[in-house]
Amino acid sequence: GENVEQHPSTLSVQEGDSAVIKCTYSDSASNYFPWYKQELGKGPQLIIDIRSNVGEKKDQRIAVTLNKTAKHFSLHITETQPEDSAVYFCAASIGDDKIIFGKGTRLHILP
Amino acid sequence: DVKVTQSSRYLVKRTGEKVFLECVQDMDHENMFWYRQDPGLGLRLIYFSYDVKMKEKGDIPEGYSVSREKKERFSLILESASTNQTSMYLCASSLDTPDEQYFGPGTRLTVT
């Protein structure tokens, strides 16, 4: 079946450094790629998304890049802060109505 | 702000019991989803609904059913709870598909 692979599963970065999380997807028809952040005790919350008609999108310290040919997309967080510590999920659309999630990356920001 | 609420944060049930998990959204969204979240497995789709009384199976529907009698409410039913259904259950809604999904806080269900 269709799937989304996410790496790494755990990432520790020094405060102020950058963090990069990478995902690959299998369905060449996928056209929507959201990223969610889940803090302890809460449901996931969308932080940024990208559609297949663009290759890059940026929102302040967060950016997402998409390579449709290689079927991979990445989340970049610059100037990391303690509040960036959380679990991050990538996802890709399957058909017109579903998305499939990666297994998640636990990001630790070290003081 | 969109608000998705789930009936319980924590629930403990016995094997064989019938379990109802309720989800309500207040933004008139057409689409609603039920996921389960397990360590190392991410979020997996159980069922979703794109309209009242409509439902579609997700990736892991076995052992579950759903009900959507009103647009704002989507219920997940475990007909006969089993220990392998111990998990975190997350409900979500969206205005369109594929589009941003708004998640509730989750229900942590333990089946003993």
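Here, every reference points to the structure presented above.
Described below are features of the structure shown in this document. Since the model is a prediction, treat every value here as computed from it, not as a measurement. (Residues numbered from 1 in each chain as written. Chains lettered and ligands numbered in written order. Predicted model: local features only at pLDDT ≥ 70, side-chain atom pairs only at ≥ 80, totals over all residues. Heavy atoms only, no water.)

1. Re the side chain of B:Gln6
Residue and element names in this part refer to chain B.
Part 1 of the reasoning: Mapping glutamine 6 onto the fold places it in strand β1 (residues 4-6).
Part 2 of the reasoning: Given a relative accessible area of 10%, glutamine 6 falls into the buried group.
Part 3 of the reasoning: A distance of 3.2 Å separates the side chain of glutamine 6 from the backbone nitrogen of cysteine 91, its partner in a polar contact.
Part 4 of the reasoning: In this view, glutamine 6 contacts Glu22, Trp34, Tyr89, Leu90, Cys91, Gly104, Pro105, Gly106 and Thr107; residues no more than four positions away in its chain are not counted. (Helix = DSSP H or I, 4+ residues; strand = E, 2+ residues; numbered from the N terminus. Buried < 20%, exposed > 50% of the residue type's maximum accessible area, 1.4 Å probe, protein only. Polar contact = N/O pair within 3.5 Å; in protein donor to acceptor, adjacent residues only side chain to side chain. Contact = heavy atoms within 4.5 Å.)

2. Thoughts on the pairing of strand β1 (residues 4-7) of chain A
Residues and elements named next belong to chain A.
Part 1 of the reasoning: Side chains of β1 alternate between two faces, with Val4 and Gln6 buried and Glu5 and His7 left unburied.
Part 2 of the reasoning: By the bridge criterion, four bridges tie β1 to strand β3 (residues 19-25) in an arrangement that is antiparallel. When the bridges of β3 are listed, glutamine 6 appears paired with cysteine 23. (Pairing = 2+ DSSP bridges.)

3. Description of the state of the cysteines
Joining two cysteines, a disulfide is a covalent bond between their sulfur atoms.
Part 1 of the reasoning: Enumeration over the complete set of coordinates arrives at two disulfides over all chains.
Part 2 of the reasoning: Each sulfur of the disulfide joining A:Cys23 and A:Cys90 lies 2.0 Å from the other. The sign of the S-S torsion, about -100°, decides the handedness of the disulfide formed by A:Cys23 and A:Cys90: left-handed. Here A:Cys23, found in strand β3, pairs with A:Cys90, found in strand β9 (residues 86-94); they are 67 residues apart in sequence, far enough to count as distant. A:Cys90 shares its class with A:Cys23; the two are buried.
Part 3 of the reasoning: Here B:Cys23 pairs with B:Cys91 through a disulfide, and the sulfurs are 1.9 Å apart. (Disulfide = S-S within 2.5 Å.)

4. Notes on the packing of aromatic side chains
Part 1 of the reasoning: In the structure shown here, the tally under the stated rule is 13 aromatic pairs over all chains.
Part 2 of the reasoning: With 4.8 Å between their ring centres and 50° between their planes, A:Tyr25 and A:Phe33 make a pair best called tilted.
Part 3 of the reasoning: A relative accessible area of 5% means that A:Tyr25 is categorised as buried.
Part 4 of the reasoning: On the basis of relative accessibility, which here comes to 0%, the residue A:Phe33 falls in the buried class.
Part 5 of the reasoning: Ring centres of B:Tyr35 and B:Phe103 lie 5.6 Å apart, and the angle between their planes is 40°; on these two criteria the pair is classed as tilted. Taken as a pair, B:Tyr35 in strand β4 (residues 31-38) and B:Phe103 in strand β10 (residues 102-103) lie far apart in primary sequence, 68 residues in all. Summarising the burial analysis for this pair, B:Tyr35 and B:Phe103 share the class buried.
Part 6 of the reasoning: An aromatic cluster of at least three residues, connected via ring pairs, comprises A:Tyr36, A:Phe89, A:Phe101, B:Phe33, B:Tyr35, B:Phe48 and B:Phe103. (Phe/Tyr/Trp six-rings, centres within 6.5 Å; stacked < 30°, edge-to-face > 60°.)

5. Examining the interface of chain A and chain B
Part 1 of the reasoning: Each partner contributes to the interface: chain A provides 19 residues, whereas chain B provides 20 residues.
Part 2 of the reasoning: Taken together, the two surfaces of chain A and chain B that pack against each other cover about 1600 Å², and 56% of this comes from carbon and sulfur.
Part 3 of the reasoning: Considering only the side of chain A, the residues that lose the most area to chain B are A:Asp97, A:Lys98 and A:Phe101, jointly responsible for 30% of the buried surface there.
Part 4 of the reasoning: Taken together, chain A and chain B are joined by two salt bridges.
Part 5 of the reasoning: For the pair chain A and chain B, the number of links is seven residue pairs in polar contact (both at pLDDT 80 or more).
Part 6 of the reasoning: Of all the secondary-structure elements, those providing two or more residues to the side of chain A that touches chain B are β4 (32-38), β5 (45-51), β9 and β10 (98-101) of chain A. (Buried area = accessible area lost by both parts, 1.4 Å probe. Salt bridge = Lys/Arg side-chain N within 4 Å of Asp/Glu carboxyl O.)

6. A few points about the layout of surface pockets
If a probe as big as a water molecule is rolled over the atoms, it shows which places are left empty.
Part 1 of the reasoning: Volume-wise, the largest pocket comes out at about 700 Å³.
Part 2 of the reasoning: Lining the largest pocket are 28 residues, with A:Gln38, A:Val87, A:Arg106, B:Gln37 and B:Arg108 positioned closest to its centre.
Part 3 of the reasoning: Among the elements that take part in the lining of the largest pocket, β9(A) stands out by supplying three residues, more than any other.
Part 4 of the reasoning: Residues belonging to the lining of the largest pocket are distributed by class as follows: eight nonpolar, 13 polar and seven charged. (1 Å grid on protein atoms, 1.4 Å probe; cavity = no way out; pocket = protein on both sides within 12 Å on 5 of 7 lines; lining within 4 Å. Points joined across faces, edges and corners; volume = space filled by probe spheres on them. Nonpolar A, V, L, I, M, F, W, Y, C, P; charged D, E, K, R; others polar.)

7. Regarding the sheet that holds strand β7 (residues 64-70) of chain B
All names here are of chain B.
Part 1 of the reasoning: An order of β1-β3-β8-β7 is seen for the four strands of this open sheet, with the pairing classed as antiparallel. On the outer flanks of this sheet lie β1 and β7, each paired with one strand and no other. Each strand axis lies, on average, 20° off the axis of its neighbour in the sheet, ignoring direction.
Part 2 of the reasoning: Two strands pair when backbone bridges link them, and β1 and strand β3 (residues 19-25) are joined in this way by three bridges, in the antiparallel orientation. Residue pairing for β3: glutamine 6 is matched across the bridge by cysteine 23. (Axes fitted to C-alpha atoms, helices over the stretch in contact; angles between N-to-C directions.)

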